[in-house]
Amino acid sequence: MKEQTRPYSRGRRLKNQIMSVITNPYNVIVLIAIILLVYLIVLPLFDMLSTTFKLAQRDLRAVPGGQAGEFTLYYWQRLLASKLSYSMLIKPLLNSLLIGFGVSVCAIALGSALAWLMVRSDLPFKPFFSLAVIIPYMIPSWVKSQAWLSIFKTPRIGGAPGFVSSMLTKMGVTNQAFLEPIAYGPVAIIIVLTLHYYAYTYLLVSAALNSVNSELEEMAEIKGAGKAMILRKITLPLVLPAMLSAVILTFSKAIGTFGTINYLGSPVDFRTLSSQLYSNSKSQNTQTAFAMAILMIAIASLSVFINQRLIGSRKSYATIGGKGGRSTLIGLGKWRPLITFILLIFFAVGIIMPVVILIIESCMLVEGTYSFSNFTLYYWIGAGNPDIMEGVPGIFRNSNFMLALTNSLKLTFVNGIAGTFFGQILGYMCAKGRGKFHGGLVEQLVFIPYLIPSVAFGGIYLSMFSKPQSIFGVQLVPALYGTFALLTVTSVVKHLPFASRAGTSNMMQISGELEEAAMIKGAGFFKRFIKIVFPLSKGGFISGFMLIFVSIMKELDLIILIMTPKTSTLPYLAFQYQNQNCPQASNCVAIVMFSIVFLVYALANIFGDADLAKSMAG
């Protein structure tokens, strides 16, 4: 009798286990999340890859006997092995790598030095410097590019003199060709991007230095080691993983940036993969643009792989022990006043000067004329003059500006709420599923958008949602081109890596014992999440919301391909004014946008429980 009931008991037990898995709300949410992530991230990548092998109608003449939509290697052959390869791919690729390596080296050196001074030295005015060191990151790189041009541009290329050019003219210096390599091209781009991305290194390295017990360095000093040897043999190896992570963040961002390249590279025909991708997308060469995007993704993925190999192959050091740790500041000695002065000058040039220059330029009736008689508020509040800006009124009387401001605020608020909510949910899955298959899968899927350059990501979603989305003949999503919904979906998915990382960090701080106690009391999944998890994570929710708000408010690269007149935002409006040779109006828009970003950042530090600045580095 016992042998007969055993198969039945096993079958019923298996059935009960399957039903338990299916009816568990957590498992259902994980399954839905994986399906959505595959649909929104993986499928667009496959669609983009397959598009590069489909012959477009416009290229039928280039492929004799070809038919639209059939398989072809034409675009890859044209990009990789044709007479146009050098101008289309190799030269832009080399320029991208030049910018990526140049910015990485400079930003790592600058950020690491600042981190060491802030954490390990007896530098004065640290509360001021700790805030000032983050503010440059809040100013978009394309805004810094505008300020850079306002200072260094020359009449021959820029159409009007910058501040330096005007001063040199007054001094009688007419030959100003030496300014052009400073104002435009790789040197200018590397400097501007370095002043933007050094914050990644500073935040990561300073966190690593804070975890290092200074007794390690003190023991070496007792043994007679000099400061240079201690720095090279002890401090540097301990913070090397943080520096390598900063390299990946910086390099990936630098090779994929577009706004700065457009401002500082286009006037001298300095092109990178991102600018080539933008040009091909705007001229409807979708297949070629997607092929370039795949190459950029491959480069970013390779850099991440190399980074992981380097971190994984290095020796591991324990820096936190059971006896507690202490941090003894290293005296700067006679160099203290000089270093403090240099830092004050650096922050004045990196923070105050760009903003001041933008304000001055926004109040100049004629570009390049620095005099009180040239002062005007027309570009701010002008009613409309046919002789100025083709009769377009100042921004505060301009319907286009009001529309862009409304769209920016709406986009940032909607994305802040939606992105943070999904980020907390995904973070919960990653935290609770750590060490499990579903947790690792969700974490890997969420990381993919980070590898895709922003311009390419916008192009993918433009192609994907410009037509209705159907499955088995059933239309699930209508065509979204030109709608606010497309902006929202693109922005939310692109920022999921940051939102989910913030959510994971937040959820890791919530002890699982709280949920276990609630389960013993009979509380279901949703009740536990609403009554326990969400209230305990509300501080991180606020910080995550502010992070996404700030990021999207200054975003240009991601949305530039999917913009329409009705969905224009502040960054795109500033970009349009700059391309229309009206930098004064562009500066006005940039100042308004930066003011909003700074205000939100200040509120985040006042009301947020988490440190927004650290979240901004991912």
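For the structure, check the block above.
All of these numbers come straight from a predicted model, not from anything done at the bench.

> Could you give me a rundown of the pattern of salt bridges, with the residues and numbers involved?
The final tally for this structure, using the stated rule, is 4 salt bridges. The shortest N-O distance in the salt bridge between Arg 336 and Asp 122 comes to 3.8 Å. Highlighted residues: Arg 336 in helix 17 (residues 336-362) and Asp 122 in the loop between helix 4 (85-120) and helix 5 (126-132), separated in sequence by 214 residues. Owing to a relative accessible area of 32%, Arg 336 belongs among the partly exposed residues under this scheme. Of the charged contacts in the structure, one is a salt bridge between Arg 271 and Asp 269, with a shortest N-O distance of 3.2 Å.

> Before we move on, can you summarise empty space enclosed by the protein with the specific residues and values?
All told, the structure shown has 6 cavities of 30 Å³ or more when counted by the stated rule. There is about 590 Å³ of room inside the largest cavity. Taken together, 31 residues make up the lining of the largest cavity; nearest its centre are Tyr 197, Tyr 200, Lys 253, Ser 454 and Glu 555. No other element matches helix 13 (residues 227-256), which puts 4 residues into the lining of the largest cavity. Grouping the constituent residues of the lining of the largest cavity by class yields 16 nonpolar, 10 polar and 5 charged. Taken as a whole, the second largest cavity encloses approximately 60 Å³ of empty space. Contributing to the lining of the second largest cavity are Ile 139, Val 143, Lys 144, Pro 354, Val 355, Leu 358, Ile 591 and Phe 594. Those elements that place two or more of their residues in the lining of the second largest cavity are helix 7 (141-152), helix 17 and helix 28 (583-607). Residue contributions to the lining of the second largest cavity peak at 3 residues, all from helix 17.

> Can you lay out helix 15 (residues 273-282) for me, pointing to particular residues and giving the numbers?
Burial analysis of helix 15 places 8 of its 10 residues in the buried class, which makes it a mostly covered element. Of the positions making up helix 15, those classed as buried are Leu 273, Ser 274, Ser 275, Gln 276, Leu 277, Tyr 278, Asn 280 and Ser 281. Just beyond helix 15, the residue with positive phi is Gln 284, at close to 70°.

> Summarise a nonpolar patch on the surface; cite the residues concerned and give the values.
Together, Trp 335, Leu 338, Phe 341, Ile 342, Ile 345, Val 349 and Met 353 give the surface a local cluster of nonpolar side chains, amounting to about 670 Å² of exposed area. Along the polypeptide, Phe 341 turns up in helix 17.

Reading guide: rules and limits
- Residue positions are given per chain, counted from 1 along the sequence in the order it is written.
- Thresholds applied to this predicted model are a pLDDT of at least 70 for local features of residues and 80 or more for the giving and counting of side-chain atom pairs; totals over whole chains, interfaces and linings are not thresholded and use all residues.
- Note that the side-chain values use all heavy atoms of the structure and ignore hydrogens as well as water.
- We define a salt bridge as a side-chain nitrogen of Lys or Arg found within 4 Å of a carboxyl oxygen belonging to Asp or Glu.
- Per the convention used, a helix needs a DSSP run of H or I reaching at least four residues, while a strand needs a run of E reaching at least two, with both numbered from the N terminus.
- Partly exposed residues are those whose accessible area sits between 20% and 50% of the maximum for their type, while under 20% is buried and over 50% is exposed, using a 1.4 Å probe and protein chains only.
- Think of a 1 Å grid over just the protein atoms. A cavity is a set of points where a 1.4 Å probe fits yet cannot get out, a pocket is an open set with protein on both sides within 12 Å along at least five of seven lines, and lining residues have an atom within 4 Å of a point.
- Grid points are joined across faces, edges and corners, and a volume is the space filled by probe spheres set on the points.
- Amino acids are sorted into nonpolar (Ala, Val, Leu, Ile, Met, Phe, Trp, Tyr, Cys and Pro), charged (Asp, Glu, Lys and Arg) and polar (every other residue, Gly among them).
- Grouping into patches uses exposed residues only, defined as over 30% relative accessible area, and leaves out salt-bridged ones; the cut-off is 9 Å for like charges and 5 Å for nonpolar side chains (Val, Leu, Ile, Met, Phe, Trp, Tyr).
- Surface accessibility follows the Shrake-Rupley procedure with a 1.4 Å probe radius. Residue values consider only the protein chains on display as shielding.

Function-wise, these values are silent; they only describe arrangement.
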